[in-house]
Amino acid sequence: MNFHSLDYFLMLAREKNFTRAAEALHIAQPALTKSVQRLESELGVPLIARKGRGIALTPYGQRLADELQQPLN
């Protein structure tokens with residue numbers, strides 16, 4: 001797990017959309033997808049669920065997003 005993976009996940013959690021999050025991060029959408037998949041694999045839990053054209057955070061994803069926000073606030 002690295003800082004970029006966490007940063008990418010946090011942007012995805014904010015945007016709730018892979019395309020918009022990738023654009024905001026100035027990376028390709030497949031790179032964002034791979035990063036989130038790698039993070040899920042490392043943590044051993046699903047962080048997102050696809051919902052139509054967007055995503056929803058799983059309870060694990062919401063907890064991680066909340067934990068990542070605390071140091072930033």
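Each remark here, short or long, concerns the structure printed above.
Residues numbered from 1 in each chain as written. Predicted model: local features only at pLDDT ≥ 70, side-chain atom pairs only at ≥ 80, totals over all residues. Heavy atoms only, no water.

Chemist: I would appreciate a short explanation of helix α3 (residues 29-43) in the present structure.
Modeler: Each α-helix winds once per 3.6 residues, and so residues spaced three or four apart point in a common direction. The terminal C-alpha atoms of α3 lie 21 Å apart, and with 15 residues this matches the ideal 21 Å at 1.5 Å per residue to within 8%. Where α3 terminates, the next one or two residues include G44, which has phi positive at roughly 75°. (Helix = DSSP H or I, 4+ residues; strand = E, 2+ residues; numbered from the N terminus. Expected span 1.5 Å × (residues − 1).)

Chemist: Help me out: how do you make sense of the pairing of strand β2 (residues 54-57) in this one?
Modeler: Consecutive residues of a regular strand have side chains that alternate between opposite faces of the sheet. Where strand β1 (residues 48-51) meets β2, four bridges bridge the pair, whose relative direction is antiparallel. Bridging from a neighbouring strand, K51 pairs with G54 of β2. From the end of β1 to the start of β2, which pair antiparallel, there are two residues, and G52 there has a positive phi angle of about 65°. (Pairing = 2+ DSSP bridges.)

Chemist: What exactly am I supposed to notice about the nonpolar core here?
Modeler: Looking at soluble globular proteins, one finds that nonpolar side chains tend to be buried together. F9, L12, F18, L32, I48 and L57 are the most contacted members of the largest nonpolar core, which has 21 residues in total. The set of elements that each furnish at least two residues to this core consists of α1 (3-15), α2 (18-25), α3, β2 and α4 (59-72). The element that contributes the greatest number of residues to this core is α1, accounting for seven residues. (Core = buried A, V, L, I, M, F, W, Y, C linked by side-chain atoms within 4.5 Å. Buried < 20%, exposed > 50% of the residue type's maximum accessible area, 1.4 Å probe, protein only.)

Chemist: Hey, could you run me through the environment of F18 in this one?
Modeler: Within the fold, F18 resides in helix α2. Placed 39 residues apart in sequence, F18 and L57 show a C-alpha to C-alpha distance of 12 Å. Here F18 is in contact with L12, Q29, L32, T33, V36, I48, R50 and I55, once residues within four sequence places are set aside. (Contact = heavy atoms within 4.5 Å.)

Chemist: Would you explain the packing of α1 against α3 in this entry?
Modeler: Each packed pair of helices is defined by two parameters, the angle between the axes and the distance between the axes. For the pair α1 and α3, interaxial distance at closest approach is 9 Å and the crossing angle is 110°. Taken together, the axes of α1 and α3 lie roughly perpendicular to each other. In this structure, α1 uses S5, L6, Y8, F9 and L12 to contact α3, whose residues at the interface are L32, S35, V36 and L39. Tallied by class, residues from the contact of α1 with α3 come to seven nonpolar, two polar and no charged. (Axes fitted to C-alpha atoms, helices over the stretch in contact; angles between N-to-C directions. Parallel < 35°, antiparallel > 145°, perpendicular 65-115°, else oblique. Nonpolar A, V, L, I, M, F, W, Y, C, P; charged D, E, K, R; others polar.)

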